[in-house]
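Here's the letter readout for the chains.
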Amino acid sequence: MYRLPLRVLAAGILSTPLLSLAAELPYRDPALPVEQRVSDLLSRMTLDEKLGQMLMGARDWVGPEQMKKLNMGTLLSGGGSVPRPNTVNGWVAMMKGYQDAARSTRLGIPVLYGIDSTHGFAHLPGATVFPQLVGMAATRDEALVRRAGEITAREMSAAALYWTFGPMVSVVDDIRWGRSYEAFGENTELVSRLGAAFTEGFQGGLKVYGPKAVRPIATAKHFIGDGGVAFGSSDFAMAGGRSKLDRGDTRGDNAALLARHLPPYKAQVDAGVRSVMASFSSWNGTPMHANPHLLNDVLRKQLGFTGLIVSDWEAVQLLPGSFDTQVATATNAGIDVLMEPQKTAEVLAALRKGVTDKLIPQQRIDQAVSNILRVKFEMGLFEHAGPVEAAQAGVGSAEHRQVARELVRKSLVLLKNDAALPLKRKQHILVAGEHADDLGLQSGGWTLEWQGFFDNNTRLPGATTIIDGLSNVGGASTKIDFDPNGQFAKKVASAASPADVAIVAVGERPYSEWLGDRSAAELSLSADDLALIARMRPLARKLVLVLVSGRPLILGDALKKSDAVVAAWLPGSEGAGVADVLFGDAPFTGKLPYAWPKDAASFKAASAPADERRASLLFEVGYGLAK
Ligand code: GLC
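Residues numbered from 1 in each chain as written. Predicted model: local features only at pLDDT ≥ 70, side-chain atom pairs only at ≥ 80, totals over all residues. Heavy atoms only, no water.

1. Re the overall build of the protein
- The number of helices and strands found in the protein is 22 helices and 21 strands.
- In terms of overall size, the protein behaves like a compact globule, its C-alpha atoms giving a radius of gyration of 26 Å where 627 residues would be expected to give roughly 25 Å.
- When the backbone C-alpha atoms are referred to their principal axes, the protein occupies close to 105 × 60 × 35 Å.
- When each of the 627 residues of the protein is scored for burial, the buried share is 62%.
- At a minimum sequence separation of 6, the contacts of the protein that also span at least 24 residues come to 77%.
- Put simply, the protein shows about 22,200 Å² of open surface, and 56% of that area lies on carbon and sulfur atoms. (Helix = DSSP H or I, 4+ residues; strand = E, 2+ residues; numbered from the N terminus. Rg over C-alpha atoms; globule rule 2.2 N^0.38 Å. Buried < 20%, exposed > 50% of the residue type's maximum accessible area, 1.4 Å probe, protein only. Contact = heavy atoms within 4.5 Å. Areas by Shrake-Rupley, 256 points an atom, 1.4 Å probe, with all protein chains shown as cover.)

2. Quick word on the domain arrangement of the protein
- Domain boundaries assigned for the protein yield domain 1 (6-40 + 53-389) and domain 2 (398-619).
- A C-alpha centroid distance of 34 Å is found between domain 1 and domain 2.
- On the side of domain 2, 55 residues touch domain 1, which itself brings 59 residues to the contact.
- Each partner contributes to the roughly 4,500 Å² buried at the junction of domain 1 and domain 2, and carbon and sulfur atoms together form 61% of this total.
- Ranking the residues of domain 1 by area buried against domain 2 places Ile 175, Arg 176 and Tyr 181 at the top, with a combined share of 15%.
- Joining domain 1 to domain 2, the criterion identifies 32 residue pairs in polar contact (both at pLDDT 80 or more).
- Within the residue set of the side of domain 1 that touches domain 2, elements represented by two or more residues are helix 7 (133-139), helix 8 (142-157) and strand 7 (241-242).
- Here the residues of the side of domain 1 that touches domain 2 sort into 27 nonpolar, 16 polar and 16 charged. (Domains from an automatic or database assignment. Buried area = accessible area lost by both parts, 1.4 Å probe. Polar contact = N/O pair within 3.5 Å; in protein donor to acceptor, adjacent residues only side chain to side chain. Nonpolar A, V, L, I, M, F, W, Y, C, P; charged D, E, K, R; others polar.)

3. So, the site of the ligand
- Neighbouring the ligand are the residues Leu 76, Asp 116, Phe 165, Arg 179, Lys 221, His 222, Met 277, Phe 280, Asp 312, Trp 313, Trp 446 and Glu 513.
- The side chain of Asp 116 places a nitrogen or oxygen atom 2.5 Å from an oxygen atom of the ligand.
- A distance of 2.8 Å separates an oxygen atom of the ligand from a polar atom in the side chain of Arg 179.
- In isolation the ligand has 310 Å² of accessible area, and contact with the protein removes 97% of it.
- Put simply, the ligand lies in the largest pocket.
- For the shell around the ligand, a count of residues per class yields 6 nonpolar, 1 polar and 5 charged. (Near = heavy atom within 4 Å. 1 Å grid on protein atoms, 1.4 Å probe; cavity = no way out; pocket = protein on both sides within 12 Å on 5 of 7 lines; lining within 4 Å. Sits in = over half its atoms within 2 Å of the grid points.)

4. A look at helix 11 (residues 263-270)
- Those residues of helix 11 not exposed but buried are Pro 264, Tyr 265, Ala 267, Gln 268 and Val 269.
- Where helix 11 is buried, its residues contact helix 9 (188-204), strand 5 (219-223) and helix 10 (254-261).
- Following helix 11 by one or two positions, Gly 272 has its phi on the positive side, about 90°.

5. Re the environment of Ser 477
- Positionally, Ser 477 belongs in the loop between helix 18 (466-474) and strand 16 (479-483).
- Using a relative accessible area of 39% as the deciding quantity, one classes Ser 477 as partly exposed.
- The spacing of Ser 477 and Gly 90 is 387 residues in sequence and 44 Å in space, taken between C-alpha atoms.
- Excluding residues that lie within four positions of it along the chain, Ser 477 makes contacts with Arg 425 and Lys 426.

6. Things to note about the sheet that holds strand 1 (residues 55-58)
- Strand order in this open sheet of 5 strands is 4-3-2-1-13, and the pairing throughout is parallel. A single partner strand is all that each edge strand has here, and the edge strands are strand 4 (163-164) and strand 13 (338-339).
- Pairing of strand 3 (residues 112-115) with strand 4 involves 2 bridges; the strand directions are parallel. Bridge pairing in strand 4 links Ile 115 to Thr 164.
- Against the sheet, helix 6 (residues 88-103) engages strand 2 (74-76) and strand 3, with an angle of about 140° to strand 3.
- Set on the sheet, helix 14 (residues 344-356) makes contact with strand 1 and strand 13; between it and strand 1 the angle comes to about 170°. (Pairing = 2+ DSSP bridges. Axes fitted to C-alpha atoms, helices over the stretch in contact; angles between N-to-C directions.)

7. Topic: the layout of surface pockets
- Of the voids in this model, the largest pocket is the one considered here, and its volume is about 470 Å³.
- Along the wall of the largest pocket there are 26 residues; nearest its centre are Arg 247, Trp 313, Trp 450, Glu 513 and Trp 514.
- Residue-level mapping places the lining of the largest pocket at the junction of two domains, with at least three residues from each of domain 1 (6-40 + 53-389) and domain 2 (398-619).
- Of the pockets and cavities examined, the second largest pocket occupies roughly 400 Å³.
- Looking at the lining of the second largest pocket, the elements with two or more residues in it are strand 17 (499-507) and helix 19 (527-536).
- Per-element tally for the lining of the second largest pocket: the top contributor is helix 19, with 4 residues.
- Broken down by class, the residue content of the lining of the second largest pocket amounts to 7 nonpolar, 6 polar and 8 charged. (Points joined across faces, edges and corners; volume = space filled by probe spheres on them.)

8. What about the sheet that holds strand 18 (residues 540-548)?
- Here 6 strands make up an open sheet; going across it, the order is 14-19-18-17-15-16 and the pairing mixed. A strand with exactly one partner marks an edge of an open sheet, and here the two such strands are strand 14 (413-417) and strand 16. Recorded for the sheet is a direction-independent mean angle of 15° between the axes of neighbouring strands.
- Examined bridge by bridge, strand 15 (residues 428-432) and strand 17 share 4 bridges and lie parallel to one another. Pairing of Ile 429 across the sheet is with Val 501, part of strand 17.
- In the packing of helix 18 onto the sheet, contacts are made with strand 15, strand 16, strand 17 and strand 18, and the angle to strand 16 comes to roughly 165°.

9. Observations regarding the packing of helix 9 against helix 11
- Between helix 9 and helix 11, whose axes approach to 8 Å, the crossing angle comes to 25°. Overall, the two elements helix 9 and helix 11 adopt an arrangement that is roughly parallel. For the pair helix 9 and helix 11, the crossing hand works out as right-handed. When helix 9 is examined against helix 11, the residues Thr 188, Val 191, Ser 192, Gly 195, Ala 196 and Thr 199 are found in contact with a partner set consisting of Pro 263, Pro 264, Ala 267 and Gln 268.
- The residue inventory of the contact of helix 9 with helix 11, partitioned by class, reads 5 nonpolar, 5 polar and no charged. (Parallel < 35°, antiparallel > 145°, perpendicular 65-115°, else oblique. Left-handed = near helix turned anticlockwise from the far one by under 90°.)

10. Concerning the nonpolar core
- Ranked by internal contacts, the top residues of the largest apolar core, which has 122 residues, are Trp 91, Phe 223 and Leu 351.
- Two domains each provide a minimum of three residues to this core, namely domain 1 (6-40 + 53-389) and domain 2 (398-619).
- Apart from residues lying up to four places away in sequence, Trp 91 is in contact with Ser 77, Ser 81, Val 82, Pro 83, Asn 86, Tyr 113, Ile 115, Phe 121, His 123, Leu 124, Ala 159 and Leu 161.
- By size, the runner-up hydrophobic cluster in this structure holds 76 residues, among which are Val 134, Val 229, Leu 523 and Leu 582. (Core = buried A, V, L, I, M, F, W, Y, C linked by side-chain atoms within 4.5 Å.)

11. Here's the deal with empty space enclosed by the protein
- On inspection of all chains with the given rule, the structure shows 5 cavities of 30 Å³ or more.
- Estimates place the volume of the largest cavity at around 100 Å³.
- Lining the largest cavity are 13 residues, with Gln 53, Asn 71, Ala 102, Thr 105 and Ile 109 sitting closest to its centre.
- At the level of secondary structure, the elements contributing two or more residues to the lining of the largest cavity comprise helix 4 (47-53) and helix 5 (64-69).
- Considering only residue class, the lining of the largest cavity consists of 6 nonpolar, 4 polar and 3 charged.
- Of the pockets and cavities examined, the second largest cavity occupies roughly 60 Å³.
- Around the second largest cavity sit Trp 177, Arg 179, His 222, Asp 226, Val 229, Leu 245, Asp 246, Arg 247, Ser 279, Phe 280, Ser 281 and Asp 312, which together line it.

Now the structure itself:
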């Protein structure tokens, strides 16, 4: 037999039409219907290969080899978990390592990697960091929120990342919850509308790169009722803080609770969301991770959700019983992917035991794996798991930052204005408060780090603080003096010779999850903030209070001491957008996504009787002055 040179033989094999390869392995043929690919692949999988797809390890504990050994289907970055170097190329290299290992498994199923890009790809220095969702909510602008979703997907795709754990579509009943800034507010209809816009934007964001690009997936979270938990129904201490609401119990008439908390998930399913994250919280005493009625009868059957359901971080371990029992309970309740970042081998063993002992029906395993495979096929992950090279130039680009800056402008809510705003060029303006010059304070949690960051403005290249904006927008003709502590020499300003305007920027320090749970009293401006306002009051004819926070704060007498009050929320990387509005280059259009409490003593959650709630408020939901 004439022996062809190896390179010719190899060329022949490589040129084998995909069709003949696909004929042997239909699941590899992108031309086939997704359900046909799912059933073909499922039919080829061993039990361990199926169970491996249901595992979710974290990059901190699971490298490519371990992932391959367990045939692991998904991975994640927990908050702040990033490759070194934390650059686009660093992420691309990390993902290549994982995908190469996944492809080298017997069936070559690509791995799906998730990350909390809740307000932009905010784990990456230099990426566009959008206002937190509370600020996006104040804009009420679906088109802009959709753009934010698109841009988030595009900047992630440069790093070969295609799954975000967001939007959080919680309807927040009580702003004492530490996750209020991560949500679109307390109004069900607004949360539904803006959540759907983000998901449509994110999942459609890569169409611009043509049919070969991956179709990224968003995650509607946390199903269901996490925003409606009762104050004090949660009490655990972890990572140096004690919860008051986070992971608590949502209590009340079932129909009323569903009417308040379910519509955002219907809007998500209608928008085509492909993953849902179960909530740590409970629903009238039943943990959501052990709630087959809400996960299956309501989410899957009533709403028609056909994507994958992922558990929250080690939430399975909060269920009753042994670890094996917890895994079986969550799996049988409808969880497809088990986010047990460190205990992947143990989850595999527990699943295998559950099937062997007939605690977990094989049919449930096949359904879970089908949901996972369906999403991976739909995304095009088998064909295009690599980075989108064309997206790299867009990371943190001027165009993307302009969209973020527009969101910042539209997010500002004017609560009071006694002829103090807009600022005028040529004025002498004093600026005080650390929140005027700190990228970490203006970005909040889930930015670079799980709990946010404090960095002396060194870790978000390309970003602008509020004072940067005031200087740039005010221009050379405007005299601006800044001191975070409000300490100004007499020659700069004094009661005898006051400046035109003092801007005092105060607010919250970053937090995430239960570490942001507060009592009503703790929502009050701090004594230091009040002292700063008092110190600045005589130094300027007008005093403008700018609040940089994830939620309304109790103002006390700061309200009457200020001539103007502006809620700026957590603007993210484009702090200059605040200055655009303060100088009148853009109008005030923002409206409150949360009602504003009057004081701690009368504080009422949104679900309190309407007249009691109204009596407890300084400003209603939807309030916002135009000038
Ligand atoms: C956290 C959060 C969830 C996040 C997940 C992964 O505990 O509850 O919102 O997506 O873990 O970081």
